[in-house]
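Structural characterization, general
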Amino acid sequence: MSAAASNQSDWHNRLRGQFIVFDGPDGSGKSTQFHRFSDFAQARGLTVCEVREPGGTLVGEEIRNVLLDHRHVDLDVRAEMLLYMASRAQLVAERIGPALQRGEVVLADRFVSSTLAYQGTAGGMPLDDIRTVARIACGQIAPHLMIIFDVTPETAASRLNPLLDRMEAKGKAYHARVREGYLSQARENPERYMVIDANSDAGAVWSALQSAMAIHYTPA
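What counts as what
- Residues numbered from 1 in each chain as written.
- Predicted model: local features only at pLDDT ≥ 70, side-chain atom pairs only at ≥ 80, totals over all residues.
- Heavy atoms only, no water.
- Helix = DSSP H or I, 4+ residues; strand = E, 2+ residues; numbered from the N terminus.
- Expected span 1.5 Å × (residues − 1).
- Buried < 20%, exposed > 50% of the residue type's maximum accessible area, 1.4 Å probe, protein only.
- Arc of directions from axis to C-beta.
- Salt bridge = Lys/Arg side-chain N within 4 Å of Asp/Glu carboxyl O.
- Polar contact = N/O pair within 3.5 Å; in protein donor to acceptor, adjacent residues only side chain to side chain.

Regarding helix α6 (residues 127-138)
Counted at 1.5 Å a residue, the expected span for α6 with its 12 residues is 16 Å, and the 16 Å between its end C-alpha atoms agrees. The complete set of buried residues in α6 reads Ile-130, Val-133, Ala-134, Ala-137 and Cys-138. Looking straight down α6, one finds that the buried residues subtend no more than 120° of arc, so they occupy a single side. For α6, the exposed residues set more than 90 degrees away from the buried face come down to Asp-128, Arg-135 and Ile-136.

Dropping the structure here:
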């Protein structure tokens, strides 16, 4: 095996202490890939801290119930954004920060990238305002990599549970703006964002993810 091939085959060893976000529109299949990747990392001897947003802590799960409840259909977008950030602040303080200090691999199902896409691009809040609040909520903690699972609106809609939560039920135009929000973030910061075409079946998406991660985590 050549030195280059050897480096690429052991790329997972470079994941220690990394904070990686799995993100994308509702129906992108990101959660399936999140769990598959976590199993992959743990099978290779890595300690993984899994978190989800909103939620991941006792406080965060209470906030999640408010955010996804259909009774709060009139929730103001600023209040919505602040609730997400409150959940995130607790998650960073209670779980993400300590796990990174221990050198664990932190895998998050959504993070600030979601707020920028949903409450920002789709919801109309200024992105700079969201980033300012995120700095307050997260301090110096920031992901090393954001993986965006991109799907067409048609593919996403075909995968969603008919019993939609409050965020999923916002309509086609809203979710089209969400998708563009994610792609815009990736275009603006290609070194920290990775876009995976998630329109195929889960197995093909997993193969694409592994290949992209091997390239990203293999020294040039």
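Brief notes about the pattern of salt bridges
Under the criterion given, the structure shown has 12 salt bridges. Of the charged contacts, one joins Arg-52 and Glu-61 as a salt bridge, the two residues approaching to 2.8 Å between their closest N and O atoms. By relative accessible area, Arg-52 is classed as partly exposed at 36%. Residues Arg-179 and Asp-150 are paired through a salt bridge, measuring 2.8 Å at the closest nitrogen-oxygen approach. A residue pair is termed long-range when its members are at least 10 positions apart, and Arg-179 in helix α8 (residues 172-188) and Asp-150 in strand β4 (residues 145-150) qualify at 29 residues. By relative accessible area, which is 12% here, Asp-150 ends up buried. Salt bridges sharing common partners tie together Asp-23, Asp-26 and Arg-110.

Some thoughts on the side chain of Thr-155
Positionally, Thr-155 belongs in helix α7 (residues 153-159). The exposure class assigned to Thr-155 is buried, which follows from its relative accessible area of 18%. A distance of 3.2 Å separates a polar atom in the side chain of Thr-155 from a polar atom in the side chain of Asn-199.

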